[in-house]
Amino acid sequence: MLDNLSIPDDIAKEPELPIPSIDEQKRIVEELKRLEEAGELTAELLEAFMTGQHSLSTEQ
């Protein structure tokens, strides 16, 4: 089924991010909900959380 799918050898691979603990994931969700309710959640901020460029530990 995926016979036609090929990835070029020279494509840059992004580094794998460590998966946050369940407690950290819950804190991130709470923070994202808080930001959304306050009208402060932007696409850029959401992307930063999802790519590991921003985390709760960088806020403190």
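Residues numbered from 1 in each chain as written. Predicted model: local features only at pLDDT ≥ 70, side-chain atom pairs only at ≥ 80, totals over all residues. Heavy atoms only, no water.

*Asks:* Before we move on, can you summarise the overall build of the protein with the specific residues and values?
*Replies:* Counting secondary structure elements, the protein contains 3 helices and 0 strands. Along the chain direction, N to C, the helices and strands of the protein fall in the order α-α-α. Against the globule reference of 10 Å for 60 residues, the protein gives a C-alpha radius of gyration of 16 Å, more extended than a compact globule. The principal-axis extents of the C-alpha atoms in the protein amount to approximately 45 × 25 × 25 Å. In the protein, which comprises 60 residues, the share counted as buried stands at 17%. (Helix = DSSP H or I, 4+ residues; strand = E, 2+ residues; numbered from the N terminus. Rg over C-alpha atoms; globule rule 2.2 N^0.38 Å. Buried < 20%, exposed > 50% of the residue type's maximum accessible area, 1.4 Å probe, protein only.)

*Asks:* Residues and numbers for the confidence of the model for the protein, please.
*Replies:* Scored by pLDDT, the protein comes out at a mean of 83, with 90% of its residues at no less than 70. Mean pLDDT across the secondary structure elements of the protein bottoms out at helix H3 (residues 56–59), with 59, and peaks at helix H1 (residues 22–37), with 94. (pLDDT = per-residue confidence, 0-100.)

*Asks:* How would you sum up the packing of H1 against helix H2 (residues 43–50)? Please name residues and give values.
*Replies:* Relative orientation of the contacting elements H1 and H2 amounts to 175°, with a least axis distance of 12 Å. As the angle between them shows, H1 and H2 are arranged roughly antiparallel. Counted together, Ile-28, Glu-31, Leu-32 and Leu-35 of H1 and Leu-45, Leu-46, Phe-49 and Met-50 of H2 form the full contact between these two elements. Here the residues of the contact of H1 with H2 sort into 7 nonpolar, no polar and 1 charged. (Axes fitted to C-alpha atoms, helices over the stretch in contact; angles between N-to-C directions. Parallel < 35°, antiparallel > 145°, perpendicular 65-115°, else oblique. Contact = heavy atoms within 4.5 Å. Nonpolar A, V, L, I, M, F, W, Y, C, P; charged D, E, K, R; others polar.)

*Asks:* I'd like a rundown of the pattern of salt bridges, residues and numbers included.
*Replies:* Throughout the structure, instances matching the rule amount to 2 salt bridges. The residue Arg-27 makes a salt bridge to Glu-24 at a minimum N-O spacing of 2.4 Å. Of this pair, Arg-27 and Glu-24 both sit in helix H1, 3 residues apart, which is roughly one turn of that helix. The class for Arg-27 is partly exposed, based on a relative accessible area of 42%. Look at Glu-24 and you get buried, because its relative accessible area is 17%. Note that Arg-34 is salt-bridged to Glu-31, the shortest N-O span being 2.9 Å. Separated by 3 residues within a single helix, Arg-34 and Glu-31 lie in helix H1, roughly one turn from each other. Residue Arg-34 is classed as partly exposed on the basis of its relative accessible area, which comes to 41%. (Salt bridge = Lys/Arg side-chain N within 4 Å of Asp/Glu carboxyl O.)

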